[in-house]
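Topology and contacts: notes
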Amino acid sequence: MTIHDVQPMTTAAQGQDVDGVAQTPACTKPRMMERDEWNQRYTASDFIWTVNANRFLTAELVGQSRGRALDLACGEGRNAVWLAQQGWKVSAVDFSDVAIDKGRRLATTLGVASRIEFIDADLRQYQPAPQTFDLVALIYLQIPLNQLTPILLRAAAALRPGGTFLLVAHDSDNLRRGYGGPQHPAMLYAAEDVAAAVEGPLRIEKATLVERVVATAEGSKLAIDCLVRGTKL
């Protein structure tokens, strides 16, 4: 269920899925990849994304006090591992057990396994403990907004007062003028959509477009993301 900021090796041009969305015409309902499909994708011995943490996550947490972090849709664990390296105690959740196994191996290799609890769970049903975490991060979780909203609300409820909420995702505008990401508009959303869903329990501090340069075989491409940061009231 995770989508990351480095493009996968398979592309729509090769008749494959792009970023976890089966390629269908934009006028039809998107078909999301489910657990078995993600497990098949993650079976490659190498990491299919980068092992480096998301650039926006690292930038937004400069100077942040350490505590307990919840990494939702953690994939192969790159962000959870980075958080643990910075001194956070991390719960990392994904519904691909193959990806979680790779995350555990990465955490062990880098000496932070004791600081990360990996949890195999589907975010559509997962219920994090309320008022438990100082940080909740959702990095490239691309699902339809009607399925995303309950996850956002549970994420906000999981924060302690004063805790930080951070979401980064492929923005709706990326389909028109950006590179990569899901190719169905229902799998994309904008910062204002996320902010509207959580601004009751959260004070929204940032809800904006962000751009990043992606290195590809055809040269540098520009991707358009949305970023939302808030504080639990």
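Report follows, based on the coordinates. (Residues numbered from 1 in each chain as written. Predicted model: local features only at pLDDT ≥ 70, side-chain atom pairs only at ≥ 80, totals over all residues. Heavy atoms only, no water.)

1. With respect to empty space enclosed by the protein
A complete count under the given rule lists two cavities of 30 Å³ or more for this structure. Volume-wise, the second largest cavity comes out at about 30 Å³. Leu72, Leu123, Tyr126, Pro128, Ile151, Arg154 and Ala155 together form the lining of the second largest cavity. Top contributing element to the lining of the second largest cavity by residue count: helix α5 (residues 145–158), with three residues. A class-by-class count of the residues in the lining of the second largest cavity yields six nonpolar, no polar and one charged. (1 Å grid on protein atoms, 1.4 Å probe; cavity = no way out; pocket = protein on both sides within 12 Å on 5 of 7 lines; lining within 4 Å. Points joined across faces, edges and corners; volume = space filled by probe spheres on them. Helix = DSSP H or I, 4+ residues; strand = E, 2+ residues; numbered from the N terminus. Nonpolar A, V, L, I, M, F, W, Y, C, P; charged D, E, K, R; others polar.)

2. So, the packing of α5 against helix α7 (residues 191–198)
α7 packs onto α5 with a crossing angle of 45° between their chain directions and a minimal axis gap of 9 Å. If you check the angle between α5 and α7, you find them oblique. Handedness of the crossing formed by α5 with α7: right-handed. Where α5 approaches α7, its residues Leu145, Thr149, Leu152 and Leu153 are matched on the opposing element by Asp193, Val194, Ala197 and Val198. Taken together, the residues of the contact of α5 with α7 sort by class into six nonpolar, one polar and one charged. (Axes fitted to C-alpha atoms, helices over the stretch in contact; angles between N-to-C directions. Parallel < 35°, antiparallel > 145°, perpendicular 65-115°, else oblique. Left-handed = near helix turned anticlockwise from the far one by under 90°. Contact = heavy atoms within 4.5 Å.)

3. Brief notes about the packing of aromatic side chains
Counted according to the given criterion, the structure contains one aromatic pair. Geometry around Phe47 places Lys102 over its ring, the cationic atom sitting 5.3 Å from the centre. (Phe/Tyr/Trp six-rings, centres within 6.5 Å; stacked < 30°, edge-to-face > 60°. Lys NZ or Arg CZ within 6 Å of the ring centre and 35° of its normal.)

4. Description of the side chain of Thr216
Along the polypeptide, Thr216 turns up in strand β8 (residues 202–216). A polar contact is formed between the side chain of Thr216 and the backbone nitrogen of Glu218, at a distance of 3.1 Å. Polar contacts involving the side chain of Thr216 include one to the main-chain carbonyl oxygen of Gly219, which spans 2.6 Å. The residues touching Thr216, leaving out its near neighbours within four places in the chain, are Tyr179 and Lys221. (Polar contact = N/O pair within 3.5 Å; in protein donor to acceptor, adjacent residues only side chain to side chain.)

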